[in-house]
Structure formats: structure tokens, C-alpha cells
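Topology and contacts: notes
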Amino acid sequence: MGLIDSLKKAFSKPYKTISVAQAKDLLGSGATLIDVRSAQEWRTGRAPQAKHVPLDRLQASTAGIQKTRPVIAVCASGVRSASAARLLAAKGYDAYSVRGGMAAWRQAGEPVR
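Residues numbered from 1 in each chain as written. Predicted model: local features only at pLDDT ≥ 70, side-chain atom pairs only at ≥ 80, totals over all residues. Heavy atoms only, no water.

Considering the pairing of strand E5 (residues 95–98)
On E5, burial covers both faces: Ala95 and Ser97 on one face and Tyr96 and Val98 on the other are all buried. Where strand E1 (residues 16–18) meets E5, three bridges bridge the pair, whose relative direction is parallel. Paired with Lys16 across the strands is Tyr96, a residue of E5. Across three bridges, strand E4 (residues 71–74) lies against E5 in parallel orientation. Among the inter-strand pairings, Ala73 is bridged to a residue of E5, identified as Ser97. (Buried < 20%, exposed > 50% of the residue type's maximum accessible area, 1.4 Å probe, protein only. Helix = DSSP H or I, 4+ residues; strand = E, 2+ residues; numbered from the N terminus. Pairing = 2+ DSSP bridges.)

Regarding the nonpolar core
Counting 18 residues, the largest nonpolar core has Ile34, Val36, Leu58, Ile65 and Leu88 as its most contacted members. Breaking this core down by element, the ones donating at least two residues are helix H4 (55–60), E4 and helix H5 (79–90). In contact with Leu58, not counting residues within four places along its chain, are Ile34, Val36, Val53, Ile65, Ala84, Leu87 and Leu88. Leu33, Trp42, Val74 and Trp105 belong to the second-largest nonpolar core, a separate cluster that totals 17 residues. (Core = buried A, V, L, I, M, F, W, Y, C linked by side-chain atoms within 4.5 Å. Contact = heavy atoms within 4.5 Å.)

Some words on H5
Counted at 1.5 Å a residue, the expected span for H5 with its twelve residues is 16 Å, and the 17 Å between its end C-alpha atoms agrees. Among the residues of H5, those classed as buried are Ser81, Ala82, Ala84, Ala85, Leu87, Leu88 and Ala89. Where H5 is buried, its residues contact strand E2 (32–35), H4, E4 and E5. Following H5 by one or two positions, Gly92 has its phi on the positive side, about 95°. (Expected span 1.5 Å × (residues − 1).)

This is how it looks when you write it as C-alpha cells:
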């Protein structure tokens, strides 16, 4: 492996950032959606199929999240979900982060409960 390939690997993201539409497609194929926001944020509205796993809890344990399915992380704007996706990818998950978070989810007209 050459220097360029080594640098690409070192600086590439181990997860994918996806749009709301791409997240919906993955969810339709059996992916798991985790919401990594705080409990207070979670209560303000969430995607109906989301499982609440705050980022601090996710950092301690990924128990209950199946490795056999893709995992999509969502937060308020996409910053914490990127951290969550990076952490999940490092643990061997097929991980994704929703670009724009719940703000983008709402803007796309997706259901919130």
C-alpha cells in the first residue's frame, strides 16, 4: 500500500453520512434507527421507529443494538450522530449518520411523534 492509499485510509470516515431519504430507504430494508439526543430532546419529538440511546450511554455500551443490521444514528443537527456512527463503525457495525439530524427529518416532512 502506497503513501496516498495509507493517507486515504487514515482520513476516510468509517461510516456513511446519508440524507433523510436514504435513511428511509435503509429503514425500509430493516435498518435500526437510534436517536442519540438527550432525554429532554427526545421528548420534544422523535422519529416513530427510533430507539432512544443517548450518546453518553452508547459510549458505555452498545448492548441491545444488533450487529446484523445497518444502524442509523440521528441527533438534532448531525454532529452527535456522526460521533455515534464513528463509534459504532469502530465496533464493527454498518453505521450511518443522518445529515442534518432531526431538523432535516422534520424539514423533509417525515413523521414525528
